[in-house]
Amino acid sequence: MRIRRRRRPPEPALIRLQLADALMERHGPVGPGSAVEDAARAAALLEDVVGDPATPFQRLPEVAATVLARYDVVPARGRRHRLVEATVSALQGGLLSSAALRGADGSDLAELDGFDAALRRRLADLAVVQVLDSGADADLERAVRFGRDDAAPTGSRQNGPAAGPAPDRSDDPTGRQARERLAMLFLLRSDQRRSAEDATAAIDLLTADLPTGLLTALDAEAPGGPKAPETPETAEAPEAPLTAEDAHTALTLAQALTQRHRLRHGDGGDDLARARTIVTATLRLAELSGLLTDGLRESAALVLATVPDEAGTRTATTLLDGLGTPTARLARAMIDAHRDRTTPDEATRWDVRSALADRRSLPGLPPLLDAMLEAELGRLAVRDEDWPAALAIFEAAREKFLGLYEAQALPGSREFLLGLRSGFPVLHAYALARTGRAEEAVEILEEGRAVLLGEALHLGRADLTGIPAEAADRYGRAATRVRALLSRPADAPDETSAADLRTARVELAAAVELVRSHPDGAGFLRPAPGEAQRAARAAGGPLVHLAATPDGGYALITTGPTATSGTQPGVRFVELPQLTTEALQRHAVAFLTAHHDRRNDTPAWRRALRTTLDWLGSALAAPLLAALGPVDRCLLVPLGPLGLLPLHAARLPGGGQALDHTVFQYAPGAAAFNAAHRLAAATGPGGRLLAVDDPEPATVPAELVGVETAEVAAHFPANVLRLPGPAATREAVLAALADHDVVHLCCHGFVTFDAPRHSGVRLGDGPLTVASLLDTPLRARLVVLSACESAVFGLDAPDEVIGLPAGFLQAGAAGVIATLWAVDARATALLVARFYRAWRAEGLPPANALRLAQRWLRDSTNGELTAAFPALHRAPAHLADAADLARWGEGRPYRAPEYWSAFVHVGA
C-alpha cells in the first residue's frame, strides 16, 4: 500500500535516492560489466541514503526495494554486502520508529497502515540476499528470524526469534511466498547444521501450502504407486487442479524430502520414494494442465540430480533434452558428476566442464555452490590431465572456500564447510605434484588438514615470546573469549550464539593483526615455511602424506637433514596406482560394515580385516616401504578414510607386516605434530599417573577388573590417582586431568560417526566426549585410551580427524595411544602391560614401545605370556595333564591381527 504523505520540499536523502535510481537506470541497459562507475556511484549513494537519519522512514521500503533490484550489478561483493547490511539496519530502525509512532498520541496512523508488514517483508528479502552473498551462519540465523516473523500470522509477530510458525494455508500470495522463503532458509540451515529437524520444518511449511486434494493426487500419481482410497468427495471431484505456484511448491517439497533422506542416511522413512513420486506426479499434472514449461522441467531435473539414481538420472536426462540454458547445463553437469564420478568419453567430459563453467551466468548463485562447482570443475580438469587449468581452478576454489570459512562463526558451520571441501586439497596437491611442485603440494595438504585442531592449538598454545605486553594481553583475552564460547553447549546454536562468536572472532583477528604489527610477531599464527621438514627432523624419520585419487593414489615423502645420514631435505612424489578412490571406498566400507556387525558374524569381520590388510599391503605398504628404503621410523599423515585403517599392520606380499620393517606413528598433520613434539620435550617422560579403572566393570571379565590398572600403576611408585568404578565421574576425571602428565583410561569407548564431537569414553556417571575436552586444561606427556574405537573419527569431514586423539592433543596432550576397533579385554591388558614395561622400565619412546608390544603379543606363546604377566594370563583350570599344558603353552593365541593391530600412536 502506498503511504500518503503531505507535500514538502524534497530532503537531501531523497535526492540522493533519486540520483541513485537514475544512475542505475543508465547502467541497466548497458548490462553488468559496463558503466561500472555508474553502479559504484549508485551503490555509494544508496549507502548514504540508508545511513542518513534524515531519510523519512516511510520511504525505507522503497529504498530496500531499490537495493534488491540493483543488488546484482553492484560490482564488488564486499560492497554489496555492506550496502545490504546498512539497509537492513535502517529498516530495523524504521520498524522501531513505526512502533513508537503507533503508540504516540496524535500520530497519523493512517499513513502507517500496512507499513510494518512492508518493512518486515523487505527485512526478510534483504536477509536472504545477505545469506546468498556472504554464506555466513550469523546471517543465516538472522534471515531465519526475519523469515519466521514475516511468515507468522498477523498478530503473532515478534521482533525476537519465534518458536516457528505453523500457519494455516492462506490464499494470500504474499503470505505464501513468505512461507516458501522460510522453507528455503530451513533447507539452507539443515544443510549447514546437517539437521533433519530443519528439513522437517521446511517439509511442514511446504505441505501446509499445498491443497489437500492435490497432495492426495500427487501421492497417488506415480506409475504403479499406491492409490488413495476413493471417498464420495474424491470420486465425484475432477482431477486436482494444478497451478504454477502449486507446481513450484511441490518440487520444492520434493527437494526437502530428498535432503532429509540424505541427512538421515536413508533411515527413518520413505522420503526418497515420496520425493520421486511427487516429481513424477507434478510433471504429469503440469503436462495435463498445459503448465510444463522449460523452467519447470529444469527445476524437476535439478531435484532429481540432488540424489541421483539410475531411474532418476534417466528421467532428468530426458527432461533436459533440447534445453541449453545455464540452469539446464548445470543440472546436466551435476548428474554427470555424480554418476559414480566417471565420465565415459572426452567429449562428455568437456561438455560437463563447459556446463560447470556456465555457472557464472546464473544470477544470485550462492557462494557455497559457486565454490563447490569451481572445485568440481577442477576435479574434471584433473581427470583430463589438464594441469594448468586444474591449478588455476583449484586456486580460485581455495580462495572461495577460505573466504566462506572465515565468514562462519559456529564450529559446526566451519566443520560442515571443511567436510564439503574434503577431497579437493588432495586433487589440488596431486596437480601440483604432477607438475613438479611437490613442496607446494605438501603445503596445500597441510593447509587443508586438521584445520580445527590447528586453530584450537593456536588458541591454547600460541607462542608470544618477544611480543609487547599490550598486544600479548589483548590476544590472550580474545583467545580466552573464543575458547570459552566454543566450549559452551551448542546442541541448538541460535542467532545469539553465532553473533557472539562472530564478534569474538573479529576481536581475535584484530588482536592477531596487532601482534603481527610488531617486528617479532610478523609471522604470528601464519604457516611457517618448512613445517613439514621440521616435523620429519623432530620425528627422526620421513613424514609421509598419503592420499587416494580416482586415478591412483600417491605419497609425498618429506625428509629433513639428520645428523647420522646427512640426508638433504626435500619432498619426493611417489605414485601408488592401486590406491584409487573407488578401491579405498570399497575396502573401507566393507571393513567398517563387517566391524559394525562383528557380534553377529565374527568370522565375516575377521575375513574383512584380513582382506583389507592384504589390499593395503599390495596397494600401499609394499611400494611405500620400497620408496622409503631402510628407515628407523616413519610419521604417517593418512588423508580421508585411510585414517580409519591400520596401515602399520598391512600384510606384505612377501610375508610379514609393515611394522616389522619400521616404527610407524601417526599425526593429524605436520603443525600438530610439531606442537606435540615441543610439549613432549617440555613435559619429559611424566611421573604423575591418573588411572580410570573400569567404570563399567560388567564389560570386563571379572578376573581382569582392576588388574590392568594395577600393572600400569606399578610403574609409577608415587603420585598415582586411581578412580575405580563409580568414583570415575566426569567431574572427578575432568578435575584431575590438569594435575597429571600420564592419563590411562581403562573403560568402554564409543564413536558417533555423524556427530564425532560426541564420541568418547563412558565414565561412572556419563560420557567423557571430545566436546567436553574443548576447554579442559591439560599438559600430559601421554594419554592411553585402553578403550574400544577410541581412535575412530567422523566421516563427514575426515581430514579434520575429529575424535578423541585429536581432542586430547587439542586439550594439551603430547601423544595419545588409542584403538581403531573394539578389542579383546585380555589381549588389551597384556599389550598395555608390555607397552608400559617397554616405555617406563626399558626406556623406549612411546611409539617404539607400542610397536614392540604389538609384535610381542602377536608372536608370544601362552607360556611366554604367562611367564611375563601371570596376573593377566593363566592356564585354564581344566588343563591338569602335563602334556595338555605343554601343548597349550606352545600355542600363540593372539597371532591374529584383530587382537593387536587396532592400537595406534598419534602425536609425539
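None of these values were measured; they are calculated from a predicted model.

Chemist: Lay out the overall build of the protein chain in plain terms, naming residues and giving numbers.
Modeler: The helix and strand inventory of the protein chain stands at 35 helices and 14 strands. Counting the 908 residues in the protein chain, one finds 53% classified as buried. Of the contacts formed within the protein chain by residues at least 6 apart in sequence, a portion of 73% connects residues at least 24 apart.

Chemist: Tell me what's going on with the nonpolar core, and back it up with residues and numbers.
Modeler: Formed by 104 residues in total, the largest nonpolar core has its most connected members in Leu546, Phe808 and Phe835. Sort the elements by how many residues they give to this core and helix H27 (residues 602-628) lands first, with 13 residues. Aside from chain neighbours lying at most four places away, what touches Phe808 is Leu745, Leu768, Leu773, Leu778, Val783, Leu785, Ala813 and Val816. Residues Leu242, Val303, Leu320 and Ile335 belong to the second largest nonpolar core, which totals 77 residues.

Chemist: So what's going on with the sheet that holds strand S9 (residues 749-750)? Which residues, and what values?
Modeler: Strand order in this open sheet of three strands is S9-S10-S11, and the pairing throughout is antiparallel. One side of each edge strand has no neighbouring strand; the edge strands of this open sheet are S9 and strand S11 (766-769). Examined bridge by bridge, S9 and strand S10 (residues 760-763) share two bridges and lie antiparallel to one another. If you follow Phe750 over to S10, its bridge partner there is Gly760.

Chemist: Kindly report on helix H7 (residues 173-193), identifying the contributing residues and their values.
Modeler: Residues separated by three or four positions in an α-helix point in the same direction, a consequence of the helix having 3.6 residues per turn. Taking 1.5 Å as the rise per residue, H7 with 21 residues should run 30 Å; its terminal C-alpha atoms sit 30 Å apart, in good agreement. Two residues or fewer after H7 comes Arg194, characterised by a positive phi angle close to 55 degrees.

Chemist: Please give an account of the state of the cysteines that cites residues and values.
Modeler: Applying the stated criterion to the full structure yields zero disulfides. Take Cys746: it sits in no disulfide, and the sulfur closest to it among the cysteines is that of Cys747, at 6.9 Å. Cys746 sits in the buried class, given a relative accessible area of 6%.

Chemist: Lay out the pairing of strand S4 (residues 633-638) with the relevant residues and their values.
Modeler: For S4, the tally of buried residues reaches six of six residues, placing the bulk of the element in the interior. Of the two faces of S4, both are covered, the one formed by Arg633, Leu635 and Val637 as well as the one formed by Cys634, Leu636 and Pro638. In the sheet, strand S1 (residues 543-547) pairs with S4 via four bridges, with the strands oriented parallel. The residue of S4 that forms the bridge with His545 is Val637. In terms of strand pairing, S4 meets strand S5 (residues 663-666) through four bridges, oriented parallel. Bridging from a neighbouring strand, Cys634 pairs with Phe664 of S5.

Chemist: With reference to specific residues and values, describe unusual backbone geometry.
Modeler: In this structure, Glu385 takes a positive phi of about 55 degrees despite not being glycine. As for its placement among the helices and strands, Glu385 is situated in the loop between helix H17 (367-383) and helix H18 (387-407). Judged by its relative accessible area of 48%, Glu385 is partly exposed.

Chemist: Any details on the pairing of S11? Residues and values, ideally.
Modeler: Note: S10 against S11, four bridges, orientation antiparallel. Paired with Gly760 across the two strands is Thr769, which belongs to S11. Taking the residues between adjacent antiparallel strands as the criterion, S10 and S11 are bridged by two residues.

Chemist: Mind laying out the pattern of salt bridges, listing which residues take part and the relevant values?
Modeler: Per the stated rule, a full pass over the model turns up 38 salt bridges. Arg176 is the partner of Glu180 in a salt bridge, and the nearest nitrogen-oxygen pair spans 3.6 Å. With Glu180 and Arg176 both in helix H7 and four residues apart, this pair spans about one turn of that helix. Look at Glu180 and you get buried, because its relative accessible area is 12%. Note that Arg895 and Asp859 form a salt bridge whose closest N and O atoms lie 3.2 Å from each other. With Arg895 in the loop between helix H35 (882-890) and strand S14 (903-907) and Asp859 in helix H33 (residues 846-859), this pair connects stretches of sequence that are 36 residues apart. We classify Arg895 as partly exposed; its relative accessible area is 48%.

Chemist: So what about the environment of Thr861? Which residues, and what values?
Modeler: Among the structural elements, Thr861 can be located in the loop between H33 and helix H34 (862-868). Its relative accessible area of 12% is what places Thr861 among the buried residues. Taking C-alpha positions, Thr861 is 8.5 Å from Trp888, a pair spaced 27 residues apart along the chain. Of the polar contacts made by the side chain of Thr861, one reaches the backbone oxygen of Gly889; its length is 3.3 Å.

Chemist: Go over H17 with me, naming the residues and quoting the values.
Modeler: Here H17 contains 17 residues, and its C-alpha end-to-end distance of 25 Å stays within 8% of the 24 Å for a straight helix at 1.5 Å per residue. In terms of burial, H17 is a largely internal element, 13 of the 17 residues being buried. After H17 finishes, the residue Glu385 shows a positive phi value of roughly 55 degrees.

Chemist: Give me the packing of helix H5 (residues 115-134) against H7: which residues, what numbers.
Modeler: Between H5 and H7, the least distance of the axes is 11 Å, while the angle of their chain directions is 30 degrees. Taken together, the axes of H5 and H7 lie roughly parallel to each other. In the crossing of H5 with H7, the sense of the turn from one axis to the other is left-handed. Of the residues in H7, those in contact with Arg121, Ala124, Asp125, Val128 and Val131 of H5 are Thr174, Ala178, Arg181, Leu185 and Leu188. In the contact of H5 with H7, the residues fall into six nonpolar, one polar and three charged.

Chemist: So, the packing of aromatic side chains: which residues are in play, and what are the values?
Modeler: In the structure shown here, the tally under the stated rule is 15 aromatic pairs. A ring pair is formed by Trp387 and Tyr430, whose centres lie 5.8 Å apart and whose planes are at 85 degrees; its orientation type is edge-to-face. You can see Trp387 sitting in helix H18 and its partner Tyr430 sitting in helix H20 (residues 424-434), a full 43 residues away along the chain. Overall, Tyr430 belongs to the buried group, its relative accessible area being 3%. Between Phe835 and Tyr836 the ring centres are 5.2 Å apart and the planes differ by 75 degrees, which places this aromatic pair in the edge-to-face class. Side by side, Phe835 and Tyr836 carry an identical accessibility label, which is buried.

Cut-offs used in this document
- Residues numbered from 1 in each chain as written.
- Predicted model: local features only at pLDDT ≥ 70, side-chain atom pairs only at ≥ 80, totals over all residues.
- Heavy atoms only, no water.
- Helix = DSSP H or I, 4+ residues; strand = E, 2+ residues; numbered from the N terminus.
- Buried < 20%, exposed > 50% of the residue type's maximum accessible area, 1.4 Å probe, protein only.
- Contact = heavy atoms within 4.5 Å.
- Core = buried A, V, L, I, M, F, W, Y, C linked by side-chain atoms within 4.5 Å.
- Pairing = 2+ DSSP bridges.
- Expected span 1.5 Å × (residues − 1).
- Disulfide = S-S within 2.5 Å.
- Salt bridge = Lys/Arg side-chain N within 4 Å of Asp/Glu carboxyl O.
- Polar contact = N/O pair within 3.5 Å; in protein donor to acceptor, adjacent residues only side chain to side chain.
- Axes fitted to C-alpha atoms, helices over the stretch in contact; angles between N-to-C directions.
- Parallel < 35°, antiparallel > 145°, perpendicular 65-115°, else oblique.
- Left-handed = near helix turned anticlockwise from the far one by under 90°.
- Nonpolar A, V, L, I, M, F, W, Y, C, P; charged D, E, K, R; others polar.
- Phe/Tyr/Trp six-rings, centres within 6.5 Å; stacked < 30°, edge-to-face > 60°.

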